[in-house]
Each structure stands twice: as structure tokens, then as C-alpha cells.
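# A structural walkthrough
Chain by chain, the residues run as shown.
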Amino acid sequence: MNHYAITMPQLSDTMTEGVVVTWEKQPGDKVERGDIVATVETDKAIMDVEVFKAGYLAGPLADVGATIAVGAALGYITDTAGDVAIAAGEVVAEKAQTEMIPHHAGTPIVMPQLSDTMTEGVVVTWEKQPGDPIRRGDIVATVETDKAIMDVEVFQEGFLSGPIADVGSVVEVGHPMGFIVDDASKANDTGVTIGADHKVRESHHVAPHAADKPAYIPSPKSTPTQVAASGNVPPVARVPGRPASPYARKVAAQLGVNLSGLAGTGSSGVIVAADVARARPSMAEVAHSLPQVDVPGQGRAMTSMEKAVSHAMTASLTLPTFTVTMNISTAALTAAAKANKVSVTVAIAKACSVAMAKFPRMNWAYQPVDKLVERANHDFGIAVTSNDGGLVVPILHGIEKKSLAALQSDWSGLVERARVRKLAPAEYANPTFTISNMGMLGVSHFTAIPTPGIAAILAIAANGPQGTPFTLTCDHRVLNGADVALYLGALKQTIEAPDWIGEGSGVMSSAATPVTVSLAERGEGAAAESVAAHAALVSPIPTGNWDTPVVVIGGGPGGEDCARDLVDHGVKVMMVNNEPFPGGECLWRGCIPSKAWRAAADVIRNRSHDAEIGVDGTAAPKLNWAQVEKHRRWVQTSRGEMALKADKGMKIDVREGFGEFVDAHTLKITPVEGEAYTVTFGAAVIATGAPAFVPPIPGARENLANGGVVTSDTIWNLASPPKKMAIIGGGVIGVEMAQIFRDFGTEILMLERNARILGEIEDEIAKTLIGLLEKEISVVTDAAIDGISGKPGSMSVAYKNAAGEAHTFGCDIVLMATGKRPDTSKLGLDKAGVELDGAAIKVNTRGQTSVPHIYAVGDVIGGYMLAHTAATQGRVAADNLLGHASEYDQDKDCGVTFSRPQAGFVGLSVAQAKAKGIDAVEAKMPMSIDAKAMITGETDGMIKLVADKATGRIIGVHYLADHTDTLIGIGVMMVAGEMTLNQVAKAIFPHPTQTELFGELARRLLNRLRRTAKK
Ligand SMILES: Cc1cc2nc3c(=O)[nH]c(=O)nc-3n(C[C@H](O)[C@H](O)[C@H](O)COP(=O)(O)OP(=O)(O)OC[C@H]3O[C@@H](n4cnc5c(N)ncnc54)[C@H](O)[C@@H]3O)c2cc1C
């Protein structure tokens, strides 16, 4: 015997309860699928409760007039005839599937079954709106099925009527998604969110239902607004237990007031029109109806402007608000505004409008009852302090269509009149959005209060180390958190990259009228401008009679990029490097030579696909080692010479020699030839890198000198590729070298002391790559190396495997790929007071060490030891030395492992994001279904897209694919540019290219999020 609860469905996010209006069946009555068993009144309309479970209606039934919470039982269905009530205390664990449709709704438009396998569909668009006339054969909507997006065609004349299933709703086949009525006046414009998941997860304990009491609303003391019911809106239905006059029911229908929540003040408690009108008071009535606390003293009457502000602020209590903050750097916009002679306030207002083009909802407003005013006119209120210290909010009109110059001209007059409170009503009434800037007052953060009539107000605080906090307080009836977060993201981009100014976009007119900002905005935007300008001008390079204002120690990617950025900005720089040419490890012992080898290895490896594609005769390529080495050295020396020439041409004072600190402002330089000498400096940047680290394994360090053991620093002198090589360490360098030499014909044994190689790579990517790698080389994990011995050409590595079994591997050479570690022992850091964190130099996100005028960047500070990371950190240090607050953000960094296929990452993995408290989701695409990969036979691997569920922002991309070194650029732009899934989903990628995968992934993830959000 089974019982099923008929529960109060939730029709919308705002619905918390409903009132039972009628029971259409009685206990014991037979119920068929699709029968209407009851009608209930919700916050939207009177609805029929349609049941999709055959059986017999059983009590206890909720009383007519009772208010039932969403999810609570209205009654039950049992499959046993004759059962009229479920026993008290019985547990009912199943829910009868129900549907809510409006009472007398018309003919339902049901979700069509568009394929054999289709059980539900997602509403993608509505092609008609409620009230629109419908003709036979019209397409009213599109729905997404399990196969494709299809049109929903109807074959009945009439008018579309709600409730229509919201876009994104999941509707089961055969269930209504909208209605057709025969008369336009009967059309209802409600929308509902329908989820496919009708199952009950919680159990219902059956208890006799006590009818809930209607909520008590205290009667306001003031005179209610007189509302005249007009038009031919039919009165709302009578509510049992809430007697109401017919006129009150008509007013209720017009104002959308639910009678069940009202207390009547007419004779015998009858609800009269005045009671209904009180439910929709004006701002002044709301303000006056609140309990007032008396205060001592002789009050003066408020001016009408003060009263308006006071009423509006109190009325704002009716808005359910939330706040969202984002830090935005205003430096670029400030500079652009200045260069174009407009005030920062006007530029910010215009930026808000530009960003709003994609988020029009920010400019809408809630209107009672349950209406949204969708406005396209950007009339922004901008808070200004009047001369007498009061708050005035003049409105800058038509921001969306006027040039900055025209806006500046409007604003100058407005702000003058606002300061003396001489605004005409049109200049302060009905803003569509409001901006309040208190940056000039030094506040680090504040929130502003939106008033009825706008959906959002922006509060701008003072510029801080992280940028300027922009906080939006928003009406949750109009906006949700994700809308606002995405808008703020767009605003950040608009403000930080203000290339829309003066790009011929019409935004900035070339005839911009010069204005005197300080006169127009005394103490307001001008002060904010001076904060940003001040921040941009003060350089932390200590002034003094130094030999050089800045010394950079190390000429690798970190040092060289830093030095170049500084001289580019007119700062004199000395770069001390203990090698004849710049480029550091990257050029001489790292990225470049290893990729030159990889290029030759790629040619050999790629030939294996030739026959598959249809080209024979290329299967036996022959390695010409002498030419490989010649080519590699040519690339290195050419690039080294080019770099030195460029550095000297840019007037970097390049010194060859070893640098060490004598004190916090003196460096001793020891050249290769000649005497050591000292130089004094204002500020220093340490970029000395990190050499290969060799652990104290018996025989490892001892055999470095004879070349039997090599590291990434010393492998570059091989006479020929070894026949057999042991690689100790399964990190990125070890794996890259293993595959290069395997392609050159070397037999490889990789020994890793941890349980997994490639520990630094995203889990699934690493595991897949390991699977492929193990088909090519031998990998022993959990290996314990006992010792290394022999001489070059005849080395021996003794090790134990995970089971403790002892083995010996004979080989030509042993490569120690056991990581890199900064070595600062000879830098004299203690003399300068620079502190370490383990082996690395301790820095903050700006690259500043424990000594404020000494910075450190690149491998020497640990973290990602990558060339572009070092270069980025070098530019960050330069930026800070120039006086701009700038930070390295590891969450936007990236890297490629030049394995085959190549592994790559940008930003965060799901696990990393979750550890940071971000609700992250991912979608992945195997390369095996990519057309281009199939054509070239490069089908191993996958690409994964990671997004922040709350904002839709793409926060990570992970690759295992051939050509990752090119494809990663797209991931970098998406993550660095804080692009959203929506933006990428809409981008047009060319076919057939592997870039199409990104659009596909974004669309897939979006669809998934949409489905799960609606469940
Ligand atoms: C085999 C291998 C492959 C690699 N492949 C890649 C890759 O594909 N992509 C990638 O991004 N990264 C790669 N890297 C890492 C990359 O080489 C480093 O991360 C990068 O070079 C670090 O730059 P840096 O400026 O911090 O230091 P370095 O490049 O090490 O430069 C430091 C410079 O400072 C000099 N120096 C040191 N001490 C002093 C002193 N006291 N006085 C004066 N000068 C001094 C050094 O001689 C050197 O010229 C690879 C590394 C290796 C070993």
C-alpha cells in the first residue's frame, strides 16, 4: 500500500506559502493522472493543482482558507480504494507529482515530445509574449531537447497567456509550458520557473492540519492613500474567512494585494478599500507609519528636500537589498579623463553606462505590484554635498547617448546648481541609477542606500592598495548577485581599459570642452582624481646621491623585463648579470635549448602519423645530432646578442659580474676580469634565479664533475644522445627530457620517490599523461635511490621499488631532475636585512622584500618557477617602483609542459578553486571528438574549462593536447580578461580549428549550470 503527499508547490522563488481555495475532489474519490484536485491562491494568481498520480484522494486535507507553506502537504493520494485518511503519525516518503496551472487558464501549450528519447525539454526562448495574438502554425517558443534546439509550433488561434515557463525551466513532456486564451483581456502575464524534479527528498509526517492563521499586518496610523479602482479588472476571488467588500476586491485586483494577509477595519472586520490601499502606501506614508521614537529638544521643520530624503530613506526599508563589492583600479580612467579634460565623476558615470549596455537590468526598477520598469534611458543621480552640508542628488540625463564632452558641459552647470540647492524638479526626480563617491573623504569602504524607483546604487570609496572599492547595493527583486557581480566585472574592464574613450566611438567627442574641474566639483570628483593622481606620481625609490637609482641583480627574464620597464619610464637602471649575455637560465639552460631539442624530437615523433594520413616513406627519420646542436646554439647566441643589443640600446647600464650586498644601499660587483668595485643604489631588484638542486643521494653530487651525473644546468654538452639514461625525478623537466630523449632513441628509466610523477599538474590531466607516458618509458614510483656510481658511459643506479625490491639500472648518464632551489648564500642578504622564507626570498604580492626599497622577482622567490612568471613579477616590481600599486596574481598565471601531448594550465583547477572557497564547476572535451585532432591523428588528451558558478567567470583552463602551446593563449585571454561563459559562448570561432572547443565548452557548461540551477 503506497501513499503520496500532495504538497504545496513552489511556483516562484518568492512564493513561500499558498492558501487553499477549493477542493475539487473529496476524500475517497478516484483520481486520474492530470485531474485537478484543488485550487490554491499563490502570490501570483489562483491556480489549479493538477496531479500526475492515479489513485484515491485521502485526508487529512488542508482546510479551505488554510495557509500552507511551500512543500507542506495539502492532502494525500493512496492507491487503496476506500482509504479516506492516512493514519496519524504515518510517514509518507513519496510525493505525488503536481502541476500548478492558472484557474480557467485556457488551452495548455504542452512540452512536445520531439524525439523518441525525449522526456523533458528546457525552454530556450519565447518567440511570443503573453497577450500576443497567436495564429495557427505560429512558433511560440524554442525548447532544447536531448538532441537539439527545436521550435514549438501551435495550431490554435488565440492569445498567449501565462503562467509561462520561464526561459531555462525544465518542463516534462506533456506538461504545460504556457496557455492560449481566446480573448486578449484574459491573458495573464505571469511567468513561473518549472523544475523537472518532482520527487520528494524529505519525508512527510502526517498530522492533522491546523489551519494557519493569516499573517497579522499592523494597521498604519496615517491616512491611507485613496485608490480609485479603474478599468475593468475583475475583482479578486473571495477568500474564505476574509470577508471583503466588492470594491475592496476590485482595488485588490488592481493593486495586486492578497486579501488573505489583510486585517479588515470595516464593520464586523470586513476588508474595505482603504485596508487594501494601505498595503501599497507612498514613501511618506511608509515613513510615517513606522513607530516613531520621541527625542528631546525643539525640532525645526524639515525643508522639502530634507523631507524627501528622509521619506525616501525610510521607504528604502521596503527594498530587500544585498551588496557586492569589487576593487577597481581607477588610474587609467583618471588619466584618460584628465587627458581629455573631463572630470573623473563624469567619466565614471559614462563608464557605468557603457558597462550597462550589456546589463540593462541594472537600470530597471521594481514597480508595485510585481512589475518591472525596463528603462533604456540612463539618467543617473550623482550624490553631491551642498554648500550647507546637505545631500543633493542631481541627475545627469541621457548618459547613454551623449558624448563625454556634452555630459561634462551638463554636469558643470548641474553641480553648481546642486551646491546651492537650486535644482529644478526634473534635475533631481526619478534617477534610474545612482552613484555616490566618498573617495575624497578617505573612507575605505561604505555602502549606500537605494530608494524605491532604482534597482542599484553605487558607492565608491577611497583608493587603496587593492584598488578602489566599488560597492553596489541592489534591490533583490530586480537583480540577483550574479547579475551584479557580472556587471561589476564589466565595469572593472570598462574603467581599467578605458580605450572606449576617444577611439572614434563617439564616446569622446574631439571637440571636448575644456572645463575647470576644481571649480565644477569642489571637494567631490576632483578630490577622487587627486587621490589617484597622487598615487600615480609618488615613486618609492629613495632619493639620494646614488650611483644609480635602481640596480637590478640578474639578467634573466625577471631582471631584464624589470630593467626594460623602468628605463622605458625614464628611470635609470644598472643591470648586473654574471653572464656575458642576458637571458638567464631560460635562454642558456632552460626553455629555449630544451625546446630546440623538442622541435627536432617532434619532427621524428610526428612522422608516425604520416602513414595513417596517407603519406608513406617518411617513417624512418634520422637524427643529425651535430646539426641539432648547431641549430640550437645558433638560436641561443642570436637571441642573446639581440637581447644585449636591445638592452644597451634602451640605455640600461649593463654590467657583467657577480653582485652581492655590502649594505642596504651598496652592491659589490665582482667582474670576471678586473677588480671588484661597489656601487650605491636607491632601490634594488633581486632576480638571481634558482639553479638545479641535487639532493644528497650517495654518488649524485660526486659524479657531477665527471659528467656521469648531469642536471638541467650541465646536460648541454652531450657528444651524442645517450643510449640509456636514468632520470631521477618525475617533475616537468624530467618528463620533458624523458620524451625528448626517447624520441632521439634513448632507453629511459624514470625513478620518482613520490607515489605519482607530475605532482604539480592537475589531477586528471596528469593521470592521463602518465598513462600515455608509461607506454613509452619505464617509470618506477615510490623509488628509493641507494646510490649512483660509475663513469660517463657506464653508470649504475641502485634503487628499491615500492615493494622494497632492490634493482640496478646500468646506463650512460644519470639526469638529476630533482627540482630547482634558490641559492642566496653568496648574495649578502643579511647585510642588507633581506629575509628568507626557507630557501626563497620572502616577498609580498608586489615583490617587496622585508626591506621596503628592495624587491625580488622570479625563481629566487619560489612559487611557479617559470620564465613568464619571472618576467611578469619583474614588471610588477617595476610598476611599484614607478609608484603604481601593482600585484602579481598567481591565480591568473599559466604554464605549458612540453610533453607529448602538451599539458598546460591557466588559472585554477576545480580543486584549487574550492580550496579558496570558490564554488567552481568544470566541463571537459576529449580531443578524440575534435575534427582537427582526428584529421591529424592527435586525438590524445582533453581540454577542461573551469568557471565560478556564482559569476560565470572563467577561472581556469586545463589542457592535455598537441598544440597546447598555441591553444593556451585563448585560455590566458579568457582568464586574464575575466571573461564569462556567456561571452565565450557567444564568441565566433573559425571552423575547422581547435579553438571551436572553447565556445563549445562554454555553451555546454552554461547549459549544465542552467539545468542544475532550475532543479
Ligand atoms: C630544462 C628547463 C626547461 C625550462 N623550460 C621552461 C619553459 O618551457 N617555460 C618556462 O616558462 N620556463 C621554463 N623553465 C624555467 C625558466 O628557465 C626559469 O623559470 C626562468 O629562467 C627564471 O627566470 P629568472 O629571471 O628568475 O632567473 P634566471 O633565468 O635563472 O636568471 C637569473 C640570472 O641571474 C644571474 N645571477 C645569479 N646570481 C647572480 C648574482 N649574484 N649577480 C649577478 N648575476 C647573478 C644568473 O647568471 C642568471 O643570468 C625551464 C627551466 C629548465 C631548467
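Residues numbered from 1 in each chain as written. Predicted model: local features only at pLDDT ≥ 70, side-chain atom pairs only at ≥ 80, totals over all residues. Heavy atoms only, no water.

## Some details on the site of the ligand
The cut-off we apply is this: Here a residue is near a molecule or strand as soon as one of its heavy atoms is found within 4 Å of it. The definition of a polar contact used here is a pair of N or O atoms within 3.5 Å, where within protein one atom must be able to donate a hydrogen and the other to accept one, and adjacent residues in sequence count solely through side-chain atom pairs. All accessibility values rest on the Shrake-Rupley procedure with a 1.4 Å probe; residue burial counts only the protein chains present in the view. In DSSP terms, a helix is any run of H or I states spanning at least four residues, a strand is any run of E spanning at least two, and both are numbered starting from the N terminus. Gly counts as polar in this scheme, as do all residues outside two lists: the nonpolar Ala, Val, Leu, Ile, Met, Phe, Trp, Tyr, Cys and Pro, and the charged Asp, Glu, Lys and Arg.
Lining the immediate environment of the ligand, one finds 35 residues, of which N578, E579, E585, K595 and A867 sit closest. Within the contact set of the ligand, an oxygen atom lies 2.9 Å away from a side-chain nitrogen or oxygen of N577. Contact distances for the ligand include 2.7 Å between an oxygen atom and a side-chain N or O atom of K595. Burial of the ligand by the surrounding chains reaches 93%, relative to a free accessible area of 1,000 Å². Residue assignment for the shell around the ligand shows that the elements contributing at least two residues are α12 (557–568), β34 (573–577), α13 (584–588), α14 (591–606), β36 (658–663) and α20 (867–881). Looking at side-chain class alone, the shell around the ligand contains 14 nonpolar, 16 polar and five charged residues.

## Notes on the nonpolar core
As a reminder of what qualifies: In these notes, a set of buried Ala, Val, Leu, Ile, Met, Phe, Trp, Tyr and Cys residues joined through side-chain atoms within 4.5 Å is what counts as a nonpolar core. Note on exposure labels: buried denotes an accessible area under 20% of the residue type's maximum, exposed denotes more than 50%, and partly exposed covers the range between, all computed with a 1.4 Å probe on protein chains only.
Core analysis: the largest hydrophobic core is formed by 52 residues, its most contacted members being M362, F433, L472, Y487 and L491. No other element matches the nine residues that helix α6 (residues 344–356) contributes to this core. Formed by 36 residues, the second largest nonpolar core is a distinct cluster that contains M725, V735, M737 and L772.

## Examining the packing of α6 against helix α7 (residues 404–419)
Here is the rule: Between the N-to-C directions of two axes lies an angle of 0 to 180 degrees, each axis being a line fitted to C-alpha atoms and, for a helix, fitted only over the stretch in contact. Comment on the angle field: the value is read as roughly parallel under 35 degrees, roughly antiparallel over 145, roughly perpendicular from 65 to 115, and oblique elsewhere. Take the far helix as the reference: if the near one is turned anticlockwise from it by less than a right angle, the crossing is left-handed, and if turned clockwise, right-handed. The contact rule is simple, with two residues in contact once any of their heavy atoms fall within 4.5 Å.
Running from amino to carboxyl end, α6 crosses α7 at an angle of 125 degrees, the nearest separation of the two axes being 10 Å. As judged from the angle between their axes, α6 and α7 are oblique. At the point where α6 passes α7, the crossing takes the right-handed sense. Facing α6, whose interface residues are T345, V346, A347 and K350, α7 presents L404, L407, Q408 and W411. Partitioning the contact of α6 with α7 into residue classes produces five nonpolar, two polar and one charged.

## Re helix α9 (residues 481–496)
Where we set the bar: Given the number of residues in a helix, its expected span is that number minus one, multiplied by 1.5 Å.
Helix length check: α9, at 16 residues, gives a terminal C-alpha distance of 22 Å against a target of 22 Å (1.5 Å per residue), a fit within 8%. Here α9 has its buried residues at V484, A485, Y487, L488, G489, A490, L491, K492, T494 and I495. On the buried face of α9, the contacting elements are β23 (321–328), α5 (331–339), α6, β30 (433–437), β31 (456–460) and β32 (468–475). The opening residue of α9 is N480, an N-cap whose side-chain oxygen sits 3.2 Å from the backbone nitrogen of A482.

## Details of the packing of α14 against helix α16 (residues 625–649)
Describing two packed helices takes the angle between their axes plus the distance from one axis to the other. The contact between α14 and α16 brings their axes to 9 Å, and the two run at 140 degrees. Comparing their axes, α16 and α14 come out oblique. The two elements α14 and α16 cross, and the hand of that crossing is right-handed. Mapping the contact onto sequence places I592, P593, A596, W597 and A600 in α14 and W625, V628, E629, R632, V635 and Q636 in α16. Looking at the contact of α14 with α16 residue by residue, the class counts come to eight nonpolar, one polar and two charged.

## A word on the sheet that holds strand β51 (residues 902–907)
Convention followed: Here, a strand pair is defined by DSSP locating no fewer than two bridges between the strands.
Across the sheet, which stays open at both edges, the five strands sit in the order β50-β51-β54-β53-β52 with antiparallel pairing between neighbours. Across the chains shown, the open sheet's two edge strands, defined by having one partner strand only, are β50 (894–897) and β52 (920–926). In this sheet, adjacent strand axes meet at a mean angle of 10 degrees when their direction is disregarded. Here β52 runs beside strand β53 (residues 942–948); their pairing, made up of seven bridges, is antiparallel. Considered in β53, the bridge of A923 is made with L945. Running at roughly 175 degrees to strand β54 (residues 954–961), helix α23 (residues 964–976) makes contact with β50, β51, β53 and β54 of the sheet.

## Regarding the pairing of strand β6 (residues 55–58)
Both strand β3 (residues 30–31) and β6 contribute to a ladder of two bridges, which runs antiparallel. Each residue of the ladder has a partner; that of K30, found in β6, is Y56. Alignment of β6 against strand β8 (residues 73–78), held across three bridges, turns out to be antiparallel. Residue Y56 lies in a different strand from β8, and its bridge partner there is T78.

## Some details on the packing of aromatic side chains
Counted only if it meets this: When two rings of Phe, Tyr or Trp (its six-membered ring) have centres within 6.5 Å they constitute a pair, described as stacked for plane angles under 30 degrees, edge-to-face for angles over 60, and tilted for the intermediate range. By definition, being over a ring means that NZ of Lys or CZ of Arg is both within 6 Å of the ring centre and within 35 degrees of the ring normal.
With the rule as written, the count across this model stands at eleven aromatic pairs. Ring geometry for F380 versus F433: centroids 4.9 Å apart, planes at 55 degrees, classification tilted. On the criterion of sequence distance, the pair formed by F380 in strand β26 (residues 380–382) and F433 in strand β30 is long-range, its members being 53 residues apart. Ring centres 5.9 Å apart and planes at 85 degrees place the aromatic pair F741 and F744 in the edge-to-face group. For F741, a relative accessible area of 0% translates into the label buried. Overall, the relative accessible area of 11% leaves F744 in the buried class. One residue, K53, lies across the ring of Y4, its end atom 4.5 Å from the ring centre.

## Concerning the confidence of the model for the protein
Threshold: Every residue gets a pLDDT, meaning the predictor's confidence in that residue, from 0 to 100.
Residue-level pLDDT values for the protein average 85, and 89% of them are 70 or greater. Scored below 50 in pLDDT, residues 207–231 shows 41 contacts in the model against residues more than four places distant or in partner chains.

## Some words on the side chain of K492
Within the secondary structure layout, K492 lies in helix α9. Judged by relative accessible area, which is 17%, K492 ranks as buried. Setting aside residues no more than four positions away along its own chain, K492 makes contact with M326, N327, I328, A497 and E978.

## Considerations on the sheet that holds strand β39 (residues 709–710)
Read across the sheet, five strands follow the order β39-β46-β40-β41-β42 without closing on themselves; strand pairing throughout is parallel. Bordering the open sheet on either side are β39 and β42 (778–780), each of which pairs with just one other strand. Where strand β40 (residues 724–728) meets strand β41 (residues 747–751), five bridges bridge the pair, whose relative direction is parallel. Across the sheet, the residue bridging to M725 is I748, located in β41. Sheet contacts for helix α17 (residues 732–743): β40, β41 and β46 (813–816); angle to β41, the most-contacted strand, approximately 165 degrees.

## Concerning the pattern of salt bridges
Which entries qualify depends on this criterion: Only one rule defines a salt bridge in this text: a Lys or Arg side-chain nitrogen within 4 Å of an Asp or Glu carboxyl oxygen.
One pass over the full model with this rule turns up 40 salt bridges. E764 serves as the salt-bridge partner of K924, at 2.6 Å between the closest nitrogen and oxygen. With K924 in strand β52 and E764 in helix α18 (residues 763–773), this pair connects stretches of sequence that are 160 residues apart. Judged by relative accessible area, which is 26%, E764 ranks as partly exposed. Among the ionic pairs, E978 bridges to R953, the shortest N-O distance being 4.0 Å. Here E978, found in the loop between α23 and α24 (981–986), pairs with R953, found in the loop between β53 and β54; they are 25 residues apart in sequence, far enough to count as distant. Accessibility expressed as a relative area gives 26% for R953, which makes it partly exposed. Here the residues in one salt-bridge network are R598, D602, R605, R742, D743, E776, R900 and D962, joined through shared partners.

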